[in-house]
Amino acid sequence: MALLTDDQKMLQETAASFLAEEGSIAKQLRHWRSINCKDGFGHGLWRQFAELGLTGICIPESHGGLGLGATEAALVLEEIGRNLTPSPFLGTAVVAARAIEGTEHADRWFPGVLSGETVLALALEEGPRHAPERVAMEAKRQGNGFVLNGAKQFVVQGASADMLVTAARTSGSAGETNGITLFAVPRDASGLETENLALVDSSKAARLNFTNVQVDADAVIGKVDGGWQPLKRALAAGNAGAAAELVGVAAGTTALTLEYLRQRKQFGKFIGEFQALQHRAAHLYSEIEIARAAALKAAELIDSKSEQADLYVSVAKAKAADVANLAVREGVQMHGGIGMTDEHDVGLYMKREAVLGELFGDLYFHREQVARLSGY
Amino acid sequence: MTTDLDAFRAETRSWLEENCPTEMRQPIRSEADVCWGGRNWTFKSEAQRQWLEAMAGRGWTVPDWPAEYGGGGLSAPEALVLKEEMQRIGARAPLTSFGISMLGPALLKFGTEEQKRHYLPQIARGEIRWCQGYSEPGAGSDLAGLQTKAEDQGDHWLINGQKVWTSYADKADWIFCLVRTSTESKQGGISFLLFDMASPGVSTKPILLISGSSPFCETFFDDVKVPKEQIVGQVNKGWDVAKYLLGHEREMISGMGLGMGGSLGAATRPADPLLRAEIAAFDVDALAFAAMSERFAAMWKAGEAHPASPSMMKYAGTELNKRRNELAMAAGGSDALEWDSERSKGGTTPRSWLRSKGNSIEGGTSEIQLNIVAKHILRLPGA
């Protein structure tokens with residue numbers, strides 16, 4: 001595995017200082033939570049992302065973006081995870097951007113993403129557990145376009161999005177990868193009902209009901225019946241990104257935990273002096289390092305278009321979710337009573353891990369992928 | 001630079017094509033396929049001999065050591081190219097030895113010019129097989145508590161004491177050995193000596209392990225005379241050499257975490273859904289650790305890794321290998337209980353399982369590694 005280049009290290013430093021300063025828990029997550037913001041994030045911060053060029057990380061240079069890859073996105077996402085910064089970065093600048101790249105929808109939506117005015121979302125899930133090939137939502141041809149009927153859930157920032165990348169079925173049946181088509185559906189489309197919901201981590205996701213929603217033929221992203229390819233590409237980018245964000249969540253929580261072990265005294269000693277806690281902390285450190293290596297490896301393989309990319313994307317997501325879960329459990333436990341209070345940040349990490357762990361498939365889903373891709 | 005490296009790759013590829021015997025491109029199936037070298041080495045085949053001679057001739061048994069000490073003098077990127085090209089054709093390591101993985105790096109850092117010129121080329125050519133005299137019956141995890149005594153007799157050291165867990169002491173030609181030269185300070189009274197295992201007064205006794213093999217020995221020193229110049233580093237400063245060498249040992253052992261490599265699920269095809277799920281969880285961890293190994297190697301070479309990070313790698317790699325063996329036993333069912341049948345290839349699975357238990361003990365236990373991480377990386381109080 002290659003080490004980070006000087007340019008990548010510079011990007012990492014830029015993202016780290018920007019997010020620690022502007023994207024901090026106090027300035028962003030706690031603020032938007034306290035006023036029960038309908039978006040769960042700040043548009044001002046999203047425009048600051050844009051000013052730094054970060055919204056265009058995955059957008060080709062020909063469209064005015066930075067034309068970088070999954071590795072650079074991962075570097076930013078680890079910092080987002082560390083600071084629990086709520087933003088449309090993963091859903092819009094990574095997942096949706098990957099879904100529409102190379103299509104005419106890129107011309108329509110990339111300028112707004114680049115300027116930080118536009119938010120995009122992926123409307124995929126139809127049940128409580130990730131099962132992308134089980135898309136059943138109906139898209140029937142009618143005249144020059146299609147009519148969509150069905151329901152979606154866990155549409156992250158769905159109520160804030162200007163456009164929904166919507167997976168529907170134009171042929172075949174649930175469980176088949178052929179016959180899925182992606183549509184670019186404007187959120188104000190007639191017949192689209194949006195229920196904006198707060199999740200456990202104070203982020204927002206929508207349940208959407210499509211009742212005879214009419215779209216033109218040019219709403220199709222890519223090819224009719226050929227949505228699986230762009231969807232897979234978007235999900236790979238999303239999972240590699242979520243893995244990196246989970247590494248940040250794990251590292252952020254653990255930084256708090258280690259600080260607590262160094263300053264909390266009981267029995268006349270710092271609790272970090274107790275070997276029972278030292279060994280658990282050292283194990284956690286080791287696991288986080290491994291998860292970070294897996295996340296960077298997955299990103300590197302996506303960027304080099306390796307055949308191994310799918311395998312490592314699932315390895316990275318499963319490992320990072322597993323490790324971040326350990327980090328937040330240990331975090332709350334080692335903080336003792338204060339870790340149970342809303343006032344302390346460690347619980348916020350626990351909540352974020354739950355959502356990111358589920359997003360685009362939990363660790364059980366991805367272990368299954370690893371088993372299948374390994375031939376058993 | 002890139003074009004130079006491309007030319008080096010092309011040249012390396014064709015040289016390997018010409019010089020690596022077909023037999024040496026087969027995967028290593030067992031310990032018997034490994035070439036350790038040494039004064040008493042019997043080559044397992046003509047191909048094994050040819051392969052060692054060809055590689056040693058170019059200094060490629062130790063590609064990144066300086067050429068004047070018998071190494072290949074390759075830059076880090078060139079050494080990586082050689083490694084990749086060897087992997088491409090499945091070439092075996094021509095030589096495996098504690099001289100290469102442990103003593104050599106310590107001599108390069110702490111040895112005198114004369115010592116480097118004398119010992120390193122012998123290691124590179126596989127002429128001397130080394131063993132490591134560290135642990136003692138009373139000094140395991142608390143290694144610095146070692147008692148083997150070296151008395152200054154003017155023109156030589158006089159060694160008395162006992163070592164234990166000396167890997168392959170019965171097969172080794174020379175030993176690098178920690179001895180006590182002062183009782184005034186625990187860590188500051190240790191020196192690092194090199195001597196011939198054929199010296200009068202050295203005896204070894206193999207230890208039969210639960211796995212049925214005897215890779216380790218008890219080693220006894222009874223008035224062994226060692227020439228004064230065979231000390232590495234200064235008198236009473238051997239602990240620095242020992243610690244540096246342990247870093248390399250841990251780096252080497254952590255590599256064993258990959259076991260025989262490949263997906264455990266693909267190798268065992270477990271029908272039981274709960275076992276399959278556990279094996280899939282293991283495979284995720286093994287692949288993630290493989291990514292970590294690659295990243296660690298790159299960072300270590302570039303000087304970007306924390307000096308204590310081999311402890312983390314050793315801990316994670318050995319715990320993983322133990323888990324792999326536990327799951328292989330479960331997947332094997334009663335087949336994996338057969339100890340010496342032909343069907344079981346002489347009980348490969350249970351013997352490997354039992355042997356793996358030592359991984360997290362030798363070279364510093366998992367608990368010691370966690371102590372080191374807690375102290376030197378996490379800087380926890382009182383650690």
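Since this is a predicted model, take the numbers as computed values, not measurements. (Residues numbered from 1 in each chain as written. Chains lettered and ligands numbered in written order. Predicted model: local features only at pLDDT ≥ 70, side-chain atom pairs only at ≥ 80, totals over all residues.)

Some thoughts on the overall build of chain B
Here is step 1 of the chain: Secondary structure assignment for chain B yields 11 helices and 8 strands.
Here is step 2 of the chain: Over its C-alpha trace chain B gives a radius of gyration of 22 Å, about what one expects of a compact globule, namely 21 Å for 383 residues.
Here is step 3 of the chain: Projecting the C-alpha coordinates of chain B onto the three principal axes gives extents of approximately 70 × 50 × 45 Å.
Here is step 4 of the chain: Taken over 383 residues, chain B has a buried fraction of 42%.
Here is step 5 of the chain: Counting only contacts in chain B whose residues sit at least 6 apart along the sequence, the fraction spanning at least 24 positions is 69%. (Helix = DSSP H or I, 4+ residues; strand = E, 2+ residues; numbered from the N terminus. Rg over C-alpha atoms; globule rule 2.2 N^0.38 Å. Buried ≥ 20, exposed ≤ 12 C-beta atoms within 10 Å, placed from the backbone. Contact = placed C-beta atoms within 7 Å.)

Comments concerning the overall build of chain A
Here is step 1 of the chain: The secondary structure content of chain A amounts to 11 helices and 10 strands.
Here is step 2 of the chain: On C-alpha atoms alone, chain A measures out to a radius of gyration of 21 Å, which is about the 21 Å that the 2.2 N^0.38 rule sets for 376 residues.
Here is step 3 of the chain: Counting only C-alpha atoms, chain A reaches 80 × 50 × 40 Å along its principal axes.
Here is step 4 of the chain: A burial count over chain A gives 55% of its 376 residues as buried.
Here is step 5 of the chain: Within chain A, residue pairs in contact and separated by at least 24 positions form 73% of the contacts whose partners lie at least 6 positions apart.

Description of the interface of chain B and chain A
Here is step 1 of the chain: Taken together, the contact pairs 35 residues of chain B with 33 residues of chain A.
Here is step 2 of the chain: When residues in the side of chain B that touches chain A are grouped by element, the largest group, 16 residues, is from helix α8 (residues 273–301) of chain B.
Here is step 3 of the chain: Looking at the side of chain B that touches chain A residue by residue, the classes come out as 24 nonpolar, 3 polar and 8 charged. (Nonpolar A, V, L, I, M, F, W, Y, C, P; charged D, E, K, R; others polar.)

Some details on the nonpolar core
Here is step 1 of the chain: Phe183, Ala240, Ala295 and Ala298 of chain A are the most contacted members of the largest nonpolar core, which has 162 residues in total.
Here is step 2 of the chain: If one sorts the elements of this core by residue count, helix α7 (residues 228–263) of chain A sits on top with 18 residues.
Here is step 3 of the chain: Ignoring anything within four residues of it in the chain, the contact list for Ala240 of chain A reads Ala70, Ala74, Ala295, Ala298, Ala299, Ile302, Val313 and Ala316 of chain A.
Here is step 4 of the chain: Core analysis: the second largest hydrophobic core is formed by 63 residues, Trp65, Ile123, Trp157 and Phe176 of chain B among them. (Core = buried A, V, L, I, M, F, W, Y, C linked by C-beta atoms within 7 Å.)

A word on unusual backbone geometry
All names here are of chain A.
Here is step 1 of the chain: Located in the positive-phi region is Phe267, a residue other than glycine, with phi close to 55°.
Here is step 2 of the chain: Looking at the secondary structure, you find Phe267 in the loop between β9 (265–266) and β10 (269–270).
Here is step 3 of the chain: Here Lys305, not a glycine, exhibits a phi torsion of approximately 50°, which is positive.
Here is step 4 of the chain: Along the polypeptide, Lys305 turns up in the loop between α8 (275–303) and α9 (309–335).

Thoughts on the pairing of strand β6 (residues 192–198) of chain A
All names here are of chain A.
Here is step 1 of the chain: As paired strands, β6 and strand β7 (residues 204–216) are joined by 7 bridges and run antiparallel to one another. Looking at the pairing, Glu193 lines up with Asn209 of β7.
Here is step 2 of the chain: Connecting the antiparallel pair β6 and β7 is a turn made up of 5 residues, with Ser202 showing a positive phi of about 70°. (Pairing = 2+ DSSP bridges.)

Quick word on the environment of Asp6 of chain B
All names here are of chain B.
Here is step 1 of the chain: Turning to its location among the elements, Asp6 is positioned in helix α1 (residues 2–19).
Here is step 2 of the chain: Residue classification places Asp6 among the exposed residues on the basis of 11 C-beta atoms within 10 Å.
Here is step 3 of the chain: Residues Asp6 and Val81, 75 residues apart in the sequence, show an inter-C-alpha distance of 9.1 Å.

Section: the confidence of the model for chain B
Here is step 1 of the chain: Overall, the prediction assigns chain B a mean pLDDT of 93, with 97% of residues at 70 or greater.
Here is step 2 of the chain: Interface confidence for the predicted complex, expressed as ipTM, amounts to 0.96; the pTM equals 0.91. (pLDDT = per-residue confidence, 0-100.)

A short note on the packing of α8 of chain B against helix α9 (residues 309–332) of chain B
Residues and elements named next belong to chain B.
Here is step 1 of the chain: The interhelical angle for the contact between α8 and α9, taken along N-to-C directions, is 155°, at an axis separation of 10 Å. One way to sum up the angle between α8 and α9 is to call them roughly antiparallel. Pair α8 / α9 crosses with left-handed handedness. Along the contact surface, α8 presents Leu275, Glu278, Ile279, Phe282, Asp285, Ala286, Phe289 and Phe296, while α9 presents Ser309, Met313, Ala316, Gly317, Leu320, Arg323, Arg324, Leu327, Ala330 and Ala331. (Axes fitted to C-alpha atoms, helices over the stretch in contact; angles between N-to-C directions. Parallel < 35°, antiparallel > 145°, perpendicular 65-115°, else oblique. Left-handed = near helix turned anticlockwise from the far one by under 90°.)

With respect to the pairing of strand β5 (residues 180–186) of chain A
Residue and element names in this part refer to chain A.
Here is step 1 of the chain: In terms of burial, β5 is a largely internal element, 6 of the 7 residues being buried.
Here is step 2 of the chain: Note: strand β4 (residues 163–169) against β5, 7 bridges, orientation antiparallel. Paired with Arg169 across the bridge in β5 is Ile180.
Here is step 3 of the chain: The sheet contact formed by β5 and strand β8 (residues 220–221) spans 2 bridges and is antiparallel.

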